[in-house]
Amino acid sequence: LRNRRMRAAGLKTAEEYEEALHVAVRFDPIFFAERAKAKVLMMSGTADMSVPFSTQTSLWERFGRPERTVYRDEGHVSSILLFLYWRMGETMDWIK
């Protein structure tokens, strides 16, 4: 996906991509977390390359340390899939 987007935007290096991404993303959720009014349920993967685990932990702390599931050695997508697979029923009960 990243390579396809880089080609479409005429970006040649990962650094150019990161810079374009920072320009495109105009806010960081960590600055808004303390204002969250809804209940928060977090899932984290320690091997997430999209959102580093340290950033996830900072966000979790800013949310006030809500319920959180940490998947060791899992990445961004795999932690979501594991969460949905292993905790779907429990998650639906939490949503209700």
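The structure this text deals with has already been given above.
Note that the coordinates shown come from a computational prediction; the quantities given were computed from them, not determined experimentally.

Visitor: So what about the overall build of the chain? Which residues, and what values?
Guide: A tally of regular secondary structure across the chain gives four helices and two strands. Sequence-ordered secondary structure for the chain, helices as α and strands as β, is α-α-β-α-β-α. If one aligns the C-alpha atoms of the chain with their principal axes, the spans along those axes are about 45 × 30 × 25 Å. Expressed as a percentage of the 96 residues in the chain, the buried residues total 23%.

Visitor: Residues and numbers for the packing of aromatic side chains, please.
Guide: Under the defined criterion, the tally for this structure stands at zero aromatic pairs. The ring of W60 carries the charged tip of R68 above its face, separated from the ring centre by 4.9 Å.

Visitor: Before we move on, could you go through the pattern of salt bridges and cite the residues and values that matter?
Guide: Inspection of the entire model under this criterion finds two salt bridges. A salt bridge links E34 to R62, with the shortest nitrogen-to-oxygen separation between them at 3.9 Å. Taken together, the positions of E34 in the loop between α2 (14-24) and β1 (42-45) and R62 in helix α3 (residues 53-62) put the pair 28 residues apart, joining distant regions of the chain. Under the relative-accessibility criterion, E34 is labelled exposed at 59%. Taking relative accessible area as the criterion, R62 reaches 34% and is therefore assigned partly exposed. One salt bridge connects R65 with E61, and the closest N-O pair in it is separated by 3.3 Å. Exposure remark for R65: the relative accessible area of 52% places this residue in the exposed category.

Visitor: Give me the lowdown on the nonpolar core, citing residues and values where you can.
Guide: Formed by I30, A33, M42, L59 and W60, the largest nonpolar core amounts to five residues. Excluding its chain neighbours within four sequence positions, the residues that come into contact with A33 are L59, R62 and F63.

Visitor: Please provide a residue-by-residue account of the layout of surface pockets, values included.
Guide: Over the atoms, a rolled probe matching the size of one water molecule traces out where space is still vacant. There is about 690 Å³ of room inside the largest pocket. Looking at the largest pocket, it is lined by 19 residues, and the ones nearest its centre are E18, L21, V25, S50 and V51. Looking at the lining of the largest pocket, the elements with two or more residues in it are α1 (2-9), α2 and α3. Looking at the lining of the largest pocket element by element, the count peaks at four residues for α2.

Procedures and definitions
The residue numbering used here restarts from 1 in each chain and proceeds along that chain's sequence as written. Whole-chain, interface and lining totals are the exception, using all residues; otherwise, since this is a predicted model, local features are given only for residues with pLDDT of at least 70 and side-chain atom pairs are given and counted only at 80 or more. Excluded from the side-chain calculations are hydrogens and water; all other atoms, namely the structure's heavy atoms, are used. Only runs of H or I of at least four residues qualify as helices and only runs of E of at least two qualify as strands under DSSP, and these elements are numbered from the N terminus. Throughout this description, buried means an accessible area under 20% of the type-specific maximum (1.4 Å probe, protein chains only), exposed means over 50%, and partly exposed covers the range between. Only the six-membered ring of Trp is used, alongside the rings of Phe and Tyr, when aromatic pairs are assigned; centres must lie within 6.5 Å, and planes under 30 degrees apart are stacked while those over 60 apart are edge-to-face, with the rest tilted. As a reminder, the over-ring test applies to NZ of lysine and CZ of arginine, requiring each to be within 6 Å of the ring centre and within 35 degrees of the ring normal. Salt bridge, as used here: a side-chain nitrogen of Lys or Arg that lies within 4 Å of a carboxyl oxygen of Asp or Glu. Each nonpolar core is a collection of buried residues, namely Ala, Val, Leu, Ile, Met, Phe, Trp, Tyr and Cys, held together in the definition by side-chain atoms within 4.5 Å. The contact rule is simple, with two residues in contact once any of their heavy atoms fall within 4.5 Å. Both site types are read off a 1 Å grid over the protein atoms alone. A 1.4 Å probe that fits but cannot get out defines a cavity, while an open set with protein on both sides within 12 Å along at least five of seven lines defines a pocket; lining residues have an atom within 4 Å of a point. Grid points are joined across faces, edges and corners, and a volume is the space filled by probe spheres set on the points.

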